[in-house]
Amino acid sequence: AGAMAMVTVNLRTVTSWVGIARLSAVVLSCIAFSLVASTADFQGPYGTWCMFTWCFCFAVTLLVLLLELLELYPKLPLSWDDFTSAFSMLAALMVFTTSVVFPSTFISSPCNNSKCARQAVATTASCLCFLAYALEVGLTRAKPGDVSSFLSTVPGLLKVFEAYVACLIFSLLDLSMPATHDSKVGLQWCVAVYSICFIITLLIIIFTIGRCLAYMSCPLEKMLVGYNALALVMYITATVLWPLYSFRGINRPNPCGKDCWWDKHLGVTFLTIFNLIAYLVDLVYSTRMVFIRAP
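Quick notes on the rules
- Residues numbered from 1 in each chain as written.
- Predicted model: local features only at pLDDT ≥ 70, side-chain atom pairs only at ≥ 80, totals over all residues.
- Heavy atoms only, no water.
- Salt bridge = Lys/Arg side-chain N within 4 Å of Asp/Glu carboxyl O.
- Helix = DSSP H or I, 4+ residues; strand = E, 2+ residues; numbered from the N terminus.
- Buried < 20%, exposed > 50% of the residue type's maximum accessible area, 1.4 Å probe, protein only.
- 1 Å grid on protein atoms, 1.4 Å probe; cavity = no way out; pocket = protein on both sides within 12 Å on 5 of 7 lines; lining within 4 Å.
- Points joined across faces, edges and corners; volume = space filled by probe spheres on them.
- Nonpolar A, V, L, I, M, F, W, Y, C, P; charged D, E, K, R; others polar.
- UniProt positions renumbered as here; feature names shortened; annotations may be inferred.
- Patch = residues over 30% accessible without salt bridge, like charges linked within 9 Å, V, L, I, M, F, W, Y side chains within 5 Å.
- Areas by Shrake-Rupley, 256 points an atom, 1.4 Å probe, with all protein chains shown as cover.
- Contact = heavy atoms within 4.5 Å.

Details of the pattern of salt bridges
Under the defined criterion, the tally for this structure stands at three salt bridges. Among the salt bridges present, the one from Glu68 reaches Arg22, with a minimum N-O distance of 2.9 Å. Residue Glu68 is located in helix 4 (residues 44-69), and its partner Arg22 is located in helix 3 (residues 17-39); the two are separated by 46 residues in the primary sequence. Neither residue differs from the other here; Glu68 and Arg22 are each classed as buried. Through salt bridges that share partners, Arg22, Glu68 and Glu136 make up one connected network.

This is the structure in structure tokens:
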């Protein structure tokens, strides 16, 4: 009975705007994966990815709600605000990708049977689920001057974005193209850039959530600015070298099927540009936070 008395229920968890956004995400992700499961058509890597995204986001968001409802999260050995900020950003990116990938892969026109209708409703639920996570990101984002949790600031949210885009790049890497020795070396350098930046960015996220950064004796904020500057320079080289060595003197194969290396390399080119912009914005914001502090 004593142990039962220790557990308190905080109903504000589900009645606040953040709580409502999380509840909506739980319901919508559940609708999406249930409808797709009922069609039994989610084979292949893309279908597996979509189902994993909905189930993963559903499970973690439900866990977050339960831990906050029962006020058990302070007992966890991690920075809760950083964890929830990073997860909501990651979930928004994952569900957004799924909301694009699923209909383009599985819904064929004309859409005139019950299976297609269920897939269309699942896609709509997925899009609304993305909006729920985006709302949560907006509501929990740190206001200027508030640096209570790093991952809820703009540079922190960008770290999650950069790591996620790097994962998308890895999923598209296909070095089966016809290549000379020079172009192979150039492309290997680009893969090294993606890998190094991904590993360091992921470590920053993990150390922040695990509250490990406080134990470091060096001026951490200035080190992050230095890392962002280095990552930006590395991504500039990748943005130039990847398309140069991927497409120079090589025409698009005809036919170019679903797993065509050309299309994958084009996707990597665009994702590299997205990450280049992200690291640039990250550098500008983190420089302002460290060197141009508001009075």
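Past the structure itself, the notes keep going.
Section: unusual backbone geometry
The backbone of Glu71 sits at a positive phi, close to 55°, despite the residue not being glycine. Relative to the helices and strands, Glu71 is located in the loop between helix 4 and helix 5 (80-106). Residue Glu71 is classed as partly exposed on the basis of its relative accessible area of 34%. The residue Arg211 is not glycine, and still its phi comes out positive at about 55°. By secondary structure assignment, the location of Arg211 is in the loop between helix 8 (181-209) and helix 9 (220-247).

Considering the layout of surface pockets
Put simply, the largest pocket is a space of about 1100 Å³. If you trace the largest pocket, you find 28 residues lining it, with Tyr46, Thr97, Val101, Ser171 and Leu172 closest to the centre. At the level of elements, helix 4, helix 5, helix 7 (154-172) and helix 10 (261-291) are the ones that each hand at least two residues to the lining of the largest pocket. Each residue belonging to the lining of the largest pocket can be placed in one class, and the counts come to 17 nonpolar, seven polar and four charged.

Re the UniProt feature "transmembrane region" (unreviewed entry) in the protein
The UniProt record annotates "transmembrane region" (unreviewed entry) at residues 20-40, 46-67, 87-107, 119-138, 150-173, 193-213, 225-245 and 265-285. What you have in residues 119-138 is 100% helix and 0% strand, and the ends, taken at the C-alpha atoms, are 29 Å apart. Secondary structure content for residues 193-213 is 81% helix and 0% strand, while the C-alpha to C-alpha distance between its ends is 24 Å.

Examining a nonpolar patch on the surface
Taken together, the side chains of Leu266, Phe270, Ile273, Phe274, Ile277, Val281 and Tyr285 make up a nonpolar region of the molecular surface, amounting to roughly 590 Å² of accessible area. Within the element layout of this structure, Phe270 appears in helix 10. For Phe270, a relative accessible area of 47% gives the class partly exposed.

Topic: the side chain of Ser79
Inspection of the secondary structure puts Ser79 in the loop between helix 4 and helix 5. For Ser79, a relative accessible area of 13% translates into the label buried. Apart from the residues within four sequence positions on either side, Ser79 is in contact with Thr208, Ile209 and Arg211.

Quick word on the environment of Gly44
By secondary structure assignment, the location of Gly44 is in helix 4. On a C-alpha basis, the gap between Gly44 and Leu230 in space is 38 Å, while along the polypeptide they are 186 residues apart.

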